[in-house]
Amino acid sequence: MKLIFKDVKLFTLLYFLVFIIDTFIKNSQFRFSFRYISKTFLILILLLFYIVNQKEKSVFNYRLVLLALFSFIIGDLVLVGENTTKSFAIGGVFFGIAKAFYIVRFRNKKDFYIKNLLPFLLFCFIYMSLMMNFIYSKLGLYFIPTLIYLFVVLLLGQIAYLRKNEVNNLSYYLVLIGVLFSMASDSIAFLKSFYDSSFFYHKYTIMLFYSLSQYLIVLGILKENNTLVTS
């Protein structure tokens, strides 16, 4: 069993097999019983994959990743239940906490030039404008929490963007793409909840982008220290 978690190719097969099973359960009559197991298991094996392979230079960074993944697990469990705005909000709190842990983990210790950040700031402006244009009228009491969550989402994106030249290119792009997939998952979830309940095949795309994001972010963290076996 440990061999599966030590070899990235074998683990990748296991991870996406669990994702396929979870997707099947999500869209079947067994959703509210077995999905507590399948969805939790997806992030749990990712957590084990990280623990087995990590060689963090800082115990603090190691704990941050653990706390992030545990927070995602709790958020997932909340969202498995009834599909209501309240459960979406509570799950969002734990997801926001998890992303905050990632923000601290990926923090940039060096100064950066503002001109390097301008392309991402433009992206942030366009993203926020489009999102609020679609969901603003239906947010109601969730307006402030939504703004806070989107701020955390964009701050994580900014921190991931500024990692360039701080880590090797493979780690940088894996984490950055993972964060972008996470933003895609969050965006579809918001639009499904506050704009169109059938938006962009959300029953499949939210979990697809979420699973990809978690996988790529953790893989990027491990590649930062070149700890994985790929053969």
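In this report, we go over the structure that sits alongside the text. Not measured: the values here are computed from a predicted model. (Residues numbered from 1 in each chain as written. Predicted model: local features only at pLDDT ≥ 70, side-chain atom pairs only at ≥ 80, totals over all residues. Heavy atoms only, no water.)

## Regarding the overall build of the protein chain
Basically, it comes down to this: Numbering goes from the N terminus for both helices and strands, where a helix is a DSSP run of H or I of at least four residues and a strand is a run of E of at least two. Under the scheme applied here, a residue whose accessible area is under 20% of the maximum for its type counts as buried, over 50% as exposed, and between as partly exposed, the area being computed with a 1.4 Å probe on protein chains only. Each accessible area is a Shrake-Rupley result for a 1.4 Å probe, and residues are judged covered by the shown protein chains and nothing else.
Of the regular secondary structure elements, the protein chain holds 9 helices and 0 strands. Expressed as a percentage of its 231 residues, the buried residues of the protein chain come to 48%. About 12100 Å² of surface is accessible on the protein chain, with carbon and sulfur atoms providing 70% of the total.

## A few points about the pattern of salt bridges
Filter applied, for reference: We define a salt bridge as a side-chain nitrogen of Lys or Arg found within 4 Å of a carboxyl oxygen belonging to Asp or Glu.
Summed over the entire model, instances satisfying the criterion amount to 5 salt bridges. Notably, a salt bridge pairs Glu-224 with Arg-163, separated by 3.0 Å at the nearest N-O pair. Of the two residues, Glu-224 sits in helix α9 (residues 202-224) while Arg-163 sits in the loop between α7 (143-161) and α8 (169-194), which places them 61 residues apart along the sequence. Look at Glu-224 and you get partly exposed, because its relative accessible area is 23%. One salt-bridge network, in which partners are shared between bridges, spans Glu-56, Arg-105, Arg-163 and Glu-224.

## Some points on the side chain of Thr-146
For clarity, the threshold we go by: Distance and chemistry together define a polar contact, namely a pair of N or O atoms within 3.5 Å, with one atom able to donate a hydrogen and the other to accept it when in protein, and with adjacent residues in sequence counting only for side-chain atoms on both sides. Residue contacts follow a heavy-atom distance rule, with two residues in contact if any of their heavy atoms lie within 4.5 Å.
Among the secondary structure elements, Thr-146 is positioned in helix α7. We classify Thr-146 as buried; its relative accessible area is 4%. Polar contacts involving the side chain of Thr-146 include one to the main-chain carbonyl oxygen of Tyr-142, which spans 2.6 Å. When near neighbours in sequence (up to four residues on either side) are disregarded, Thr-146 contacts Ile-135, Leu-139 and Phe-190.

## Examining the nonpolar core
The following threshold applies: Only buried residues count toward a nonpolar core, which is a set of Ala, Val, Leu, Ile, Met, Phe, Trp, Tyr and Cys residues joined through side-chain atoms within 4.5 Å.
Membership of the largest hydrophobic core comes to 65 residues, with the highest contact counts inside it found for Phe-49 and Tyr-102. Elements supplying a minimum of two residues to this core: α2 (8-26), α3 (31-53), α4 (59-80), α5 (85-105), α6 (114-139), α7, α8 and α9. Here Tyr-102 is in contact with Ala-68, Leu-69, Phe-72, Leu-156, Gln-214, Ile-217, Val-218 and Ile-221, once residues within four sequence places are set aside.

## A closer look at the packing of α5 against α9
As a reminder of what qualifies: Fitted lines through C-alpha atoms give the axes, limited to the stretch in contact for helices. The angle between two N-to-C directions lies from 0 to 180 degrees. Working rule for angles: under 35 degrees goes down as roughly parallel, over 145 as roughly antiparallel, 65 to 115 as roughly perpendicular, anything else as oblique. We call a crossing left-handed when the near helix sits turned anticlockwise from the far one by less than a right angle, and right-handed when that turn is clockwise.
α9 packs onto α5 with a crossing angle of 25° between their chain directions and a minimal axis gap of 13 Å. Judged by the angle between their axes, α5 and α9 are roughly parallel. The two elements α5 and α9 cross, and the hand of that crossing is left-handed. Side by side, α5 and α9 meet where Phe-95, Tyr-102 and Arg-105 of the first sit next to Tyr-210, Gln-214, Ile-217, Val-218, Ile-221 and Glu-224 of the second.

## Describing a nonpolar patch on the surface
Using the following cut-off: Patches were defined on residues exceeding 30% relative accessible area and lacking a salt bridge, with like-charge contacts within 9 Å and nonpolar side-chain contacts (Val, Leu, Ile, Met, Phe, Trp, Tyr) within 5 Å.
On the surface, Leu-122, Phe-125, Ile-126, Leu-130, Phe-134 and Tyr-195 cluster together into a nonpolar patch covering about 610 Å² of accessible area. The topology assignment puts Leu-130 in helix α6. The exposure class of Leu-130 is partly exposed, given its relative accessible area of 49%.

## A word on unusual backbone geometry
With a phi angle near 75°, Asn-165 is a residue other than glycine that sits in the positive phi range. For Asn-165, a relative accessible area of 71% translates into the label exposed.

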